[in-house]
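Below are the chains, spelled out letter by letter.
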Amino acid sequence: MNTKIYIKILSLVLVFSSLLYACSDEFVKVSPEYSIDSENFFNSEDDYHKALIATYDLLQASYANVILGEIASDNTVAGGESPTDVIGWQQVDKMIHTPVNSNLRDIWNWMFAGVQRANYFMEFKDKTDFDGKEAMIGEVRFLRAYYNFELVKWFGAIPIKKDVRFQLGDETTIPRSSTEDVYAWIEEDLLAAIEVLPTSSANVGRTTKGAAQALLGKAYLYQEKFQQSADVLEQLISDKDYELIDDYNSVFESAGENNTESVFEVQYTDVEGASFECLQCSEGNVAVGFNGVRGYTGPLFTAGFSFNVPTQGAVDAFEPGDLRKDVAILDIVAWSNEFEVTYTEGNDHTGYYNRKYLPRKRSTDAAPDLNLTNPNNYRAIRYADVLLMAAEAYNRGNISDEKAQEYVSLVRRRAFGDEFHDVTVTGPALTDAIYQERRVELVGEGHRFFDLVRTGKAANEIEGFVSGKHEVFPLPLEEIQFSNGNWNQNPNY
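Residues numbered from 1 in each chain as written. Predicted model: local features only at pLDDT ≥ 70, side-chain atom pairs only at ≥ 80, totals over all residues. Heavy atoms only, no water.

Peer 1: Help me understand the overall build of the protein, please; the structure alone is not making it clear to me.
Peer 2: Of regular secondary structure, the protein possesses 18 helices and eight strands. By the burial criterion, 59% of the 493 residues in the protein qualify as buried. Considering only residue pairs separated by 6 or more positions, the protein has 73% of its internal contacts joining residues 24 or more positions apart. Accessible surface, the protein: about 19,600 Å² in total, of which carbon and sulfur atoms supply 50%. (Helix = DSSP H or I, 4+ residues; strand = E, 2+ residues; numbered from the N terminus. Buried < 20%, exposed > 50% of the residue type's maximum accessible area, 1.4 Å probe, protein only. Contact = heavy atoms within 4.5 Å. Areas by Shrake-Rupley, 256 points an atom, 1.4 Å probe, with all protein chains shown as cover.)

Structure below.
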């Protein structure tokens, strides 16, 4: 399943295929006023709108971040057909990955492509004026912060270039900025975005003020800036623009997409096809097909490739009576006993599957390769996550255990359908309760590895994890080579 996208991101001269074209003078001569290239664009509101869409587009490639963020953790194992199926995922699962890993390289390439598109927009942000441009700039700054946040989570220190595109040769002259500087840039982008973004959008999927607040609160939390995190998340909560959906199961079905619990959601569709040669070209959620039950026939779901299969530990993390368990985890044996089902066992078979993001049956007019074009949106930031982040900030910052208890209990009341499971502990016991709640509430959504790393628990929970090494992933070998000694590899790789 290895892709054939070999992009040297920092030497990329980005051309938007949907926006731009270039012609050789020997082929056709055009007058300058008809020249359309990267320097002669942004002449109308429509041009800016197209560039904005192009910046959003790389969000769809973040499916790779989600599935590998689970596989790297103790929530799931790689699975697949065999121990060599998508070898990069298998290596991360066993914590034996190296700088030569095409799947980690994909994350680097695709997230930097998102940054590059955002920088292209910002480079020409002042070229043409029109009503509504400031809000559009806020969207771009949110998206750039989102891509940079993913990059700093995965790789630590990264190169930064502000409001201008990376060019050929930058990799030999621009250093990797410290994680502190990267986070400062993320904060600057998000604070600016909050000032101009609307609280709601007429177009489904476009980012809002609440999404920027949530991501800023998360960035603060990752840096252990607990007071700042609590402040911005409390403002988001008090604005009451979001609420928990009563039925946890409905959140992850098609009818539950973009509901009032969804603070930010990556949009997918199944109207366009894709190929294994260009997985990033898909408009569908590629991870969903990979999560699917191998050889499956039966109700509700369609077959997939049996990657990212939950561990027994993830299943056992749910308390008796927790209604989330059967929504998050498909027990294939129990399911087969209830319905007429056939399936085959893949590598690392545990008997469990990530039900939130299993491929659902759909209409016959969907794109031909169902495994690459699943329309399941990714719920990137849910209100439940916001509540749990706020609870953690209040508790770990010694600000208010009472507030922390309130927000964790809100999440648990939906999980159990009563108020008898509210959290009453304080101090370190409350901290542990919050961590536990994050695991069961967000299982299968790509957050677990980074939660374990930022809280210092990864070495105890992830088999093969080496402290001082595996907190971040290696830069692709090609990037180190192309930098001609300008960049050093992450420690111990």
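Once you've had a look at it, read on.
Peer 1: Which parts of the structure should I look at to understand the environment of Ile 194?
Peer 2: Position of Ile 194 relative to the elements: it lies in helix α6 (residues 179-196). Note on Ile 194: relative accessible area 13%, which makes it buried. Along the sequence, Ile 194 and Ala 135 sit 59 residues apart, while their C-alpha atoms lie 9.5 Å from each other. Not counting the four nearest positions on each side in its chain, Ile 194 is found in contact with Lys 209, Ala 212, Gln 213 and Leu 216.

Peer 1: Got a minute to help me understand the pattern of salt bridges in this structure?
Peer 2: When the charged atoms of two side chains lie near each other, side chains of opposite charge can form a pair. Going through the model one piece at a time under the given rule, you end up with 40 salt bridges. Here Lys 50 makes a salt bridge to Asp 46, at a shortest N to O gap of 3.2 Å. Here Lys 50 and its partner Asp 46 are both found in helix α1 (residues 45-57), four residues apart, which amounts to about one turn of the helix. A relative accessible area of 35% means that Lys 50 is categorised as partly exposed. A relative accessible area of 41% places Asp 46 in the partly exposed class. Across the pair Arg 412 and Glu 319 runs a salt bridge whose closest N-O atoms are separated by 2.8 Å. Linking Arg 412 in helix α14 (residues 401-416) with Glu 319 in the loop between α10 (312-316) and α11 (325-328), this pair joins segments that are 93 residues apart in sequence. On the basis of relative accessibility, which here comes to 8%, the residue Arg 412 falls in the buried class. (Salt bridge = Lys/Arg side-chain N within 4 Å of Asp/Glu carboxyl O.)

Peer 1: Teacher, can you tell me more about the packing of aromatic side chains here?
Peer 2: The relation between two aromatic rings is expressed through the spacing of the ring centres and the mutual angle of the planes. Enumeration over the complete set of coordinates arrives at 36 aromatic pairs. The interplanar angle of 85 degrees and the centroid separation of 5.4 Å between the aromatic rings of Trp 89 and Phe 290 together place this pair among those described as edge-to-face. Of this pair, Trp 89 sits in helix α3 (residues 87-93) while Phe 290 is found in helix α9 (residues 286-291), placing the two residues 201 residues apart along the sequence. Take Trp 89: its relative accessible area is 3%, and that puts it in the buried class. Residue class for Phe 290 comes out buried when judged on its relative accessible area of 1%. The residue whose ring lies beneath Lys 153 is Phe 450, and the NZ or CZ to ring-centre distance is 4.3 Å. (Phe/Tyr/Trp six-rings, centres within 6.5 Å; stacked < 30°, edge-to-face > 60°. Lys NZ or Arg CZ within 6 Å of the ring centre and 35° of its normal.)

Peer 1: When you look at the packing of helix α13 (residues 383-396) against helix α15 (residues 427-442) in this model, what are you seeing that I'm missing?
Peer 2: For any two helices packed against each other, the geometry is given by the interaxial angle and the distance between the axes. Their axes nearest at 10 Å, the elements α13 and α15 cross at an angle of 165 degrees. Classed by the angle they form, the pair α13 and α15 counts as roughly antiparallel. The handedness of the crossing between α13 and α15 comes out as left-handed. Two secondary-structure elements touch here, α13 through Ala 384, Asp 385, Leu 388, Met 389, Ala 391, Glu 392, Asn 395 and Arg 396 and α15 through Gly 427, Leu 430, Thr 431, Ile 434, Tyr 435, Glu 437, Arg 438, Glu 441 and Leu 442. (Axes fitted to C-alpha atoms, helices over the stretch in contact; angles between N-to-C directions. Parallel < 35°, antiparallel > 145°, perpendicular 65-115°, else oblique. Left-handed = near helix turned anticlockwise from the far one by under 90°.)

Peer 1: Would you mind going over the pairing of strand β8 (residues 378-382) with me for this structure?
Peer 2: Each regular strand carries side chains that alternate between the two faces of the sheet. Where burial is concerned, most of β8 is hidden: five out of the five residues are buried. As judged from the four bridges shared by strand β4 (residues 262-266) and β8, these two strands associate in the antiparallel manner. Bridge pairing in β8 places Ser 262 opposite Arg 382. (Pairing = 2+ DSSP bridges.)

Peer 1: What is the right way to read the packing of α1 against helix α4 (residues 102-123) from this model?
Peer 2: Look at α1 against α4: their axes get within 8 Å of each other, and the N-to-C directions meet at 160 degrees. Taken as axis vectors, α1 and α4 run roughly antiparallel relative to one another. Considering the relative orientation of α1 and α4, their crossing is left-handed. Along the contact surface, α1 presents Tyr 48, Ala 51, Leu 52, Ala 54, Thr 55 and Asp 57, while α4 presents Gly 114, Arg 117, Ala 118 and Phe 121. Across the contact of α1 with α4, the residue classes break down as six nonpolar, two polar and two charged. (Nonpolar A, V, L, I, M, F, W, Y, C, P; charged D, E, K, R; others polar.)

Peer 1: Could you clarify how one ought to interpret the environment of Ala 380 in this entry?
Peer 2: Along the chain, Ala 380 falls in strand β8. Beyond its immediate sequence surroundings of up to four residues, Ala 380 is in contact with Tyr 146, Phe 264, Glu 265, Val 266 and His 447.

Peer 1: How do you make sense of the nonpolar core when you look at a structure like this?
Peer 2: Side chains of nonpolar character tend, in soluble globular proteins, to be buried together. Phe 121, Phe 142, Tyr 146, Phe 155, Ile 186, Phe 264 and Val 386 are the most contacted members of the largest nonpolar core, which has 122 residues in total. Broken down by element, the residue count for this core peaks at 13 residues, all from helix α5 (residues 133-155). If near-sequence neighbours (up to four positions away) are discounted, Phe 264 is found in contact with Leu 59, Phe 142, Tyr 146, Gly 205, Thr 207, Ala 211, Tyr 378, Arg 379, Ala 380 and Ile 381. Counting 11 residues, the second-largest nonpolar core is a separate cluster that includes Val 77, Val 293, Tyr 296 and Leu 330. (Core = buried A, V, L, I, M, F, W, Y, C linked by side-chain atoms within 4.5 Å.)

Peer 1: Before we go on, may I ask you to explain α1 in this structure?
Peer 2: Since the α-helix turns once every 3.6 residues, residues separated by three or four places project in the same direction. Compared with an ideal rise of 1.5 Å per residue, which puts 13 residues at 18 Å, α1 spans 19 Å between its outermost C-alpha atoms and is within 8% of the ideal. Among the residues of α1, Asp 47, Tyr 48, Ala 51, Leu 52, Ala 54, Thr 55 and Tyr 56 are the ones counted as buried. Buried positions along α1 lie against α4 and α5. (Expected span 1.5 Å × (residues − 1).)

Peer 1: Help me understand the environment of Val 232 in this model?
Peer 2: Among the secondary structure elements, Val 232 is positioned in helix α8 (residues 226-238). In this structure, the C-alpha to C-alpha distance between Val 232 and Gly 217, residues 15 residues apart in sequence, is 5.8 Å. When neighbours within four sequence positions are excluded, Val 232 is seen to be in contact with Gln 213, Leu 216, Gly 217 and Tyr 220.

Peer 1: Quick question: what am I supposed to make of unusual backbone geometry here?
Peer 2: Peptide bonds are, in most cases, trans, and in most cases residues other than glycine have a negative phi. In this structure, Asn 258 is a non-glycine residue whose phi angle is positive, near 55 degrees. You can see Asn 258 is positioned in the loop between α8 and β4. Even without being glycine, Asn 484 reaches a positive phi, approximately 55 degrees. Positionally, Asn 484 belongs in the segment after α18 (477-482).

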